[in-house]
Amino acid sequence: MPPRKDSSTSSAEDAVAATKTEDLATHTESSTDALLTTNHGVRINDDQNTLKAGTRGPSLLEDFHFREKMTHFDHERIPERVVHARGAGAHGVFRVYEPMGALSKAAFLRDPAKETPVFVRFSTVVGSRGSTDLARDARGFAVKFYTDEGNFDLVGNNMPVFFIQDAIKFPDLVHAIKPEPHREIPQAAAAHDTFWDFISVTPESMHMIMWVMSDRAIPRSYRMMEGFGVHTFRMVATDGTSRFVKFHWKPLLGVHSVLWNEAQKISGFDPDFHRRDLWDAIDQGHFPEWELGVQVVEEQDEFAFDFDLLDPTKLIPEELVPVQRIGRMTLNRNPDNFFAETEQVAFHIGHVVPGIDFTDDPLLQGRLFSYTDTQLLRLGGPNFHEIPINRPLAPVHNNQRDGLMRQTINQGKVAYGPNTMAGGCPFQAGIAAGGFTSVPVPTTGVKVRERSPSFFDHFTQARMFFLSQTAPEQLHIIKALCFEVGKVEILAIRERILFALAQIDGTLAHAVAKGLGMPVPETIHPPLNQQVPADGDVEAHQPTAVNRDAALSPALSMLTAPIEGVATRQIAVLLTEGFDRANFDAARAAIIGAGATIKTVAPHLGEVTDAAGGTVLADCSFLTTASVLYDAVFVVDGAASVDGLGKEPDALHFVREAFKHCKAIGAMGEAERLLTQAGITPNGDPGVVLGQSTSGNHEAFLAAVAVHRHWAREAADVMPA
Ligand code: HDE
């Protein structure tokens, strides 16, 4: 953590407080020569045995050390987050490219010389704290900027839209998607009756459903996913002009995913796959980076779109409003302690700084209530802002006092304002002094519980998303729907989902219906929209069926993005006794030279001998690793090694699975024989690189790795799972 100022003390007191904090830190941090103490500093001479009346006698209540230790242990867990319980965090910095004062007066966006510390937490939404990283799910992408003007939290997801339009439906959505309450099954999965029941009568969710069924829901890495603020926010320029803004994070490593078959297997082989990947990358100095992007809409253009900017189930196509990349975030430090930092960090969409403001998006408005409320339970009271990871760098001065676990020792007797006894301090900050003022948006209206009719087109953007995908991406959406809805036991729910899909696209509905073995519905029947408006006119409030086509948005496809090289990709290098040293060395040099990472995999751990009697250490054996954990496979040349691997069923399975998952495979010289033995017929597949061990072929292999997946292979899928 960056050094923190004690919150509510004056500058002379700050120094005292800082010394105090350091003292406390020295006391609590363990050092190599530290002696064991109780929490109150009393040295302990035996931590192996409880105090007993005789060596075989009963334990004594008097044992204060045992009771303190055990009580602390009994209270070690705090409630996990209701949603986003499973996560991983990292520290970093953010820097803007150019002064952005013409867009936002936020100081951290105005000074390109200024490095703002950040803490980021990535998460899945649905699963419990111990659930697998590879669940099909949206991912949380929450960034806390510790700016000089206070903390700004950008609490987003890796998808730009959401399931529902109004916050009041959030508990229903979450209850539906969480494990079913009678038997708490399934964990971290949407593929069950209650979720699809809710979706089948909530047509506004269909756009988000397209995203969640796409490969965006099974990212290859947290480092390789986009982030979105989802809602339309406002930015206020130094001259006071307010504009609408959508936030984006663009990963410099490109956007990549895994296959569903792979995701399910990774969940078994390494449920910590994403958490480990983030940690390892930072640990190895491969710092993940994103560019912060903004889509800006002038206030007068609020109604220029054929959807409502306040509707969080809609996105602004990048082709209509381009994303301007305004700065870069680099994650460069792993947390010291998972609980203290990643678990206790408290994000809140309401943590904004002058220059950033809200809109009336009804989902955003509801979130403004929920985040503080949830921390009160999770972190045990109103002083969670004093936990080191949550403390702002900007000094805190106010009259808030006391409460559970208060850390600050406020001095003096004045804890109110206005006052005269403290000279009026702390003073309200005018605009010139950086005081936050809300954009004076005119607001009038009749008090209603209703949704704006401008929110009622639930299918146009769902259709735009589906049709903007490439053929393999569309196939994955279809397969995901067949899987998910195929797990639904109640047939009427399956039918209703097919009705909804039929409103999006006929081909989609037909393909899913075929997978489910059900007829394709022609019309919406029974009515999908459950919201009965206050005026009782149900017909007028039905979602409009698709009767117009929005222009396609190629930016919505992951596969149309430029190929970004192989930096940080994980490549498994298979070898055993008798491998060809020159081929191994050349491959290793090429892979490492291109910034990728290799792991040697052999039938056993320890030393593996090459044909000339030299050795390398195997990083993994076929027992301790699996093909699904890698981006590509390289089989090392050498007749004896290839023969040896050919006798290992696990080695054959390793390359078969890599082939099935459309990964690049390099097999030069004799190594090609292993592929033949595994039943792989390359047939000119650009992802299978054969030939002799020459630098040209190594380059061709790396170029094949950079493509990430060779989808053409999938269309002719001949490899069993
Ligand atoms: Fe959240 N959300 N959310 N959410 N959300 C929480 O806050 C909530 C929504 C998001 O790593 C909770 O501290 C409501 C959209 C992230 O700590 C809770 C609604 C988006 C995280 C909560 C939404 C998000 C949360 C649970 C509908 C993308 C994890 C624990 C109105 C823009 C932050 C907590 C972290 C966490 C409420 C919808 C993102 C209960 C009521 C839309 C990334 O307060």
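Quantities reported herein were computed from a predicted structural model and do not represent experimental measurements.

Rules of the game
Residues numbered from 1 in each chain as written. Predicted model: local features only at pLDDT ≥ 70, side-chain atom pairs only at ≥ 80, totals over all residues. Heavy atoms only, no water. Pairing = 2+ DSSP bridges. Helix = DSSP H or I, 4+ residues; strand = E, 2+ residues; numbered from the N terminus. Contact = heavy atoms within 4.5 Å. Axes fitted to C-alpha atoms, helices over the stretch in contact; angles between N-to-C directions. Buried < 20%, exposed > 50% of the residue type's maximum accessible area, 1.4 Å probe, protein only. Expected span 1.5 Å × (residues − 1). Core = buried A, V, L, I, M, F, W, Y, C linked by side-chain atoms within 4.5 Å. Domains from an automatic or database assignment. 1 Å grid on protein atoms, 1.4 Å probe; cavity = no way out; pocket = protein on both sides within 12 Å on 5 of 7 lines; lining within 4 Å. Points joined across faces, edges and corners; volume = space filled by probe spheres on them. Nonpolar A, V, L, I, M, F, W, Y, C, P; charged D, E, K, R; others polar. Salt bridge = Lys/Arg side-chain N within 4 Å of Asp/Glu carboxyl O. Polar contact = N/O pair within 3.5 Å; in protein donor to acceptor, adjacent residues only side chain to side chain. pLDDT = per-residue confidence, 0-100. Buried area = accessible area lost by both parts, 1.4 Å probe. Near = heavy atom within 4 Å.

Spatially, 6 strands are ordered 15-12-11-16-17-18 in an open sheet, and the strand pairing comes out parallel. Looking at which strands have only one partner, the edges of the open sheet turn out to be strand 15 (620-621) and strand 18 (688-689). Here strand 12 (residues 597-602) runs beside strand 15; their pairing, made up of 2 bridges, is parallel. What sits directly across from Ala602, in strand 15, is Ser621. Lying on the sheet, helix 14 (residues 581-593) is in contact with strand 11 (570-574), strand 12 and strand 16 (632-635); it crosses strand 12 at an angle near 150°.

Further remarks concern the pairing of strand 3 (residues 139-147). With 9 of 9 residues buried, strand 3 lies mostly within the body of the structure. Side-chain alternation along strand 3 places Arg139, Phe141, Val143, Phe145 and Thr147 on one buried face and Gly140, Ala142, Lys144 and Tyr146 on a second face that is also buried. Pairing of strand 2 (residues 116-124) with strand 3, which is carried by 7 bridges, proceeds in the antiparallel orientation. If you follow Val120 over to strand 3, its bridge partner there is Val143. Inspection of the sheet shows strand 3 paired to strand 4 (residues 150-157) by 8 bridges, in the antiparallel sense. By the bridge assignment for strand 4, Phe141 is matched with Gly156.

If you check helix 11 (residues 471-486), its first and last C-alpha atoms are 22 Å apart, about what 16 residues at 1.5 Å a residue would give, namely 22 Å. Pro472, Glu473, Gln474, His476, Ile477, Ile478, Ala480, Leu481, Glu484 and Val485 are the residues of helix 11 that are buried. Contacts from the buried residues of helix 11 go to helix 4 (193-200), helix 5 (206-213), helix 10 (460-467), helix 12 (491-504), helix 13 (506-516) and helix 19 (712-715).

Residues Phe163, Trp196, Ile209, Met210, Leu481, Leu501 and Leu508 are the most contacted members of the largest nonpolar core, which totals 53 residues. Counting residues per element, the ones that place at least two in this core are helix 3 (170-177), helix 4, helix 5, helix 10, helix 11, helix 12 and helix 13. At 7 residues, helix 5 tops the list of elements feeding residues into this core. Taken together, domain 1 (52-390) and domain 2 (470-556) each give at least three residues to this core, which thus spans both.

According to the stated counting rule, one finds 7 cavities of 30 Å³ or more in the structure shown. In this structure, the largest cavity is lined by 19 residues; those nearest its centre are Pro160, Phe228, His248, Leu315 and Ile316. Residue contributions to the lining of the largest cavity peak at 4 residues, all from strand 7 (residues 242-251). Within the lining of the largest cavity, the residues separate by chemical class into 10 nonpolar, 4 polar and 5 charged.

What follows deals with the pattern of salt bridges. Tallying each qualifying case throughout the model produces 35 salt bridges. Note that Arg588 and Asp585 form a salt bridge whose closest N and O atoms lie 3.6 Å from each other. Taken together, the residues span about one helical turn, with Arg588 and Asp585 both in helix 14 at a distance of 3 residues. Owing to a relative accessible area of 31%, Arg588 belongs among the partly exposed residues under this scheme. Relative accessible area serves as the criterion here: at 32%, Asp585 is assigned to the partly exposed category. Several salt bridges share partner residues, and in doing so they unite Arg216, Glu226, Lys250 and Glu318 into one network.

As for its position among the elements, Lys663 is in the loop between helix 16 (649-660) and strand 17 (664-667). Take Lys663: its relative accessible area is 0%, and that puts it in the buried class. Polar side-chain contacts of Lys663 include one of 2.8 Å to the side chain of Glu262. At 2.7 Å, the side chain of Lys663 forms a polar contact with the backbone oxygen of Tyr630. Look past the residues within four positions of Lys663 in its chain and what remains in contact with it is Glu262, Ser627, Val628, Tyr630, Asp631, Ala632, Ala658, Gly687, His708, Arg709, His710 and Arg713.

This paragraph deals with the confidence of the model for the protein. The share of residues in the protein with pLDDT of 70 or more is 92%, and the mean pLDDT across the chain is 92. Segment residues 524-534 is flagged for pLDDT under 50; beyond a separation of four residues in sequence, or across chains, it makes 25 contacts in the model. Within the model, pLDDT remains below 50 along residues 538-542, and this stretch shows 10 contacts once partners closer than five positions in the same chain are excluded.

Domains assigned within the protein are domain 1 (52-390), domain 2 (470-556) and domain 3 (570-715). One C-alpha centre belongs to domain 1, the other to domain 3; they are set 37 Å apart. Between domain 1 and domain 3, the contact holds 14 residues from the first and 16 residues from the second. In this assembly, domain 1 packs against domain 3 so that about 1,200 Å² is buried in total across both faces, 56% of it on carbon and sulfur atoms. For the pair domain 1 and domain 3, the number of links is 4 salt bridges. Across the pair Glu262 and Lys663 runs a salt bridge, and its minimum N-O distance is 2.8 Å.

Neighbouring the ligand are 21 residues; Arg81, Arg121, Ser370, Tyr371 and Gln375 lie closest to it. Note that a nitrogen atom of the ligand is positioned 3.4 Å from one of the side-chain N or O atoms of His84. At a separation of 2.8 Å, an oxygen atom of the ligand approaches a polar side-chain atom of Gln375. Elements supplying a minimum of two residues to the shell around the ligand: strand 3, strand 4 and helix 9 (362-378). The leading source of residues in the shell around the ligand is helix 9, at 6 residues. Of the residues that constitute the shell around the ligand, the class distribution is 10 nonpolar, 8 polar and 3 charged.

Next up on the list: the environment of Ala113. Following the sequence through the fold, Ala113 ends up in the loop between strand 1 (87-96) and strand 2. Look at Ala113 and you get exposed, because its relative accessible area is 59%. Between the alpha carbons of Ala113 and Tyr97 there is a distance of 8.8 Å; along the sequence they are 16 residues apart.

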